[in-house]
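Given next are the chains, with one letter for each unit.
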Amino acid sequence: MLRSALLVMILLGGGLFAYYFLTDTRGRPSGERATDALSRVGDAAMDQGIAGAAKGRLAVCYGIDGVRFLHTWFDDGRLLVYGIAPAGVSAEQIAAEVRALPGIREVEVQITSRPIYLSGASATATHATGLPASNTDDARR
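Remember, predicted model here, so these are calculated numbers, not experimental data. (Residues numbered from 1 in each chain as written. Predicted model: local features only at pLDDT ≥ 70, side-chain atom pairs only at ≥ 80, totals over all residues. Heavy atoms only, no water.)

### What to know about the overall build of the chain
Going by this rule: Strands here mean DSSP runs of E at least two residues long; helices mean DSSP runs of H or I at least four residues long; both are numbered from the N terminus. Only protein chains enter the area calculation, which uses a 1.4 Å probe; residues under 20% of their type maximum are buried, those over 50% are exposed, and those in between are partly exposed.
For the chain, the count of helices and strands is five helices and three strands. N-terminal to C-terminal, the α/β element order of the chain is α-α-β-β-α-β-α-α. Going through the 141 residues of the chain one by one, you find that 23% of them count as buried.

And the structure:
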């Protein structure tokens, strides 16, 4: 599993490098184009890594189900967290949790509180059967 993940990352990085290298139309020598492409790939990997770390930090705090509808985006020290947050979680709480991560200078949070029907296993049972979760066993008999 780890080897295949590493292989995918290498292939994606190589593809991204080739894209940046081949689309550079400024007429510079190949060495400068390669250096610039490598720098851009490194920046993209770092941005995705920090955004992933922020989402991981939120998952530790609120659980996997708690961050199911939350998304993160990072660029140049600024982190944006947006989406539907668990009921009772404020934008200030989310900002406080991710602000301590290294590399993050500024945090913006744009969230909406999650409706009750989007949380937990009972919501799945209710929508799947059309009956409240407490009645699903009775309906199957």
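Having seen the structure, we can now continue with the description.
### Topic: the confidence of the model for the chain
Detailed reading of the predicted coordinates is not advisable wherever pLDDT falls low. Condition: pLDDT is defined as a per-residue confidence score from the predictor, taking values between 0 and 100. It only takes one pair of heavy atoms within 4.5 Å for two residues to be counted as in contact.
Per-residue pLDDT for the chain has a mean of 82; in total, 84% of the residues score no lower than 70. In the model, residues 122-129 has pLDDT below 50 throughout and makes 13 contacts with residues more than four positions away in sequence or in other chains. Taken as a whole, residues 135-141 scores under 50 in pLDDT and shows five contacts with residues more than four places along the chain or in a different chain.

### Focus on the packing of helix 1 (residues 2-23) against helix 2 (residues 30-62)
As a reminder, the rule being used: Between N-to-C directions, angles cover 0 to 180 degrees, with each direction set by a line fitted to C-alpha atoms, over the stretch in contact for helices. Under this scheme an angle from 65 to 115 degrees is roughly perpendicular, one under 35 degrees roughly parallel, and one over 145 degrees roughly antiparallel; angles in between are oblique. Take the far helix as your reference; a near helix turned counterclockwise from it by less than a right angle gives a left-handed crossing, and one turned clockwise gives a right-handed crossing.
For the pair helix 1 and helix 2, the least separation of the axes is 8 Å and the interaxial angle reads 135°. It follows that helix 1 is oblique to helix 2 by the angle criterion. Note that helix 1 runs across helix 2; the crossing there is right-handed. Every residue of helix 2 that contacts helix 1 at Gly-13, Leu-16, Phe-17, Tyr-20, Phe-21 and Leu-22 is listed here: Ser-30, Arg-33, Ala-34, Ala-37, Leu-38, Arg-40, Val-41 and Ala-44.

### Focus: the nonpolar core
For clarity, the threshold we go by: Only buried residues count toward a nonpolar core. Its members are Ala, Val, Leu, Ile, Met, Phe, Trp, Tyr and Cys residues joined through side-chain atoms within 4.5 Å.
One finds Leu-58, Leu-70, Leu-79, Val-81, Ile-94, Val-98 and Ile-104 to be the most contacted residues of the largest nonpolar core, which totals 19 residues. Within the residue set of this core, elements represented by two or more residues are helix 2, strand 1 (70-75), strand 2 (78-85), helix 3 (91-99) and strand 3 (106-113). Residue contributions to this core peak at five residues, all from helix 2. Every residue in contact with Val-98, bar those within four places of it in the chain, is listed here: Ala-54, Leu-58, Leu-79, Ile-104 and Val-107.

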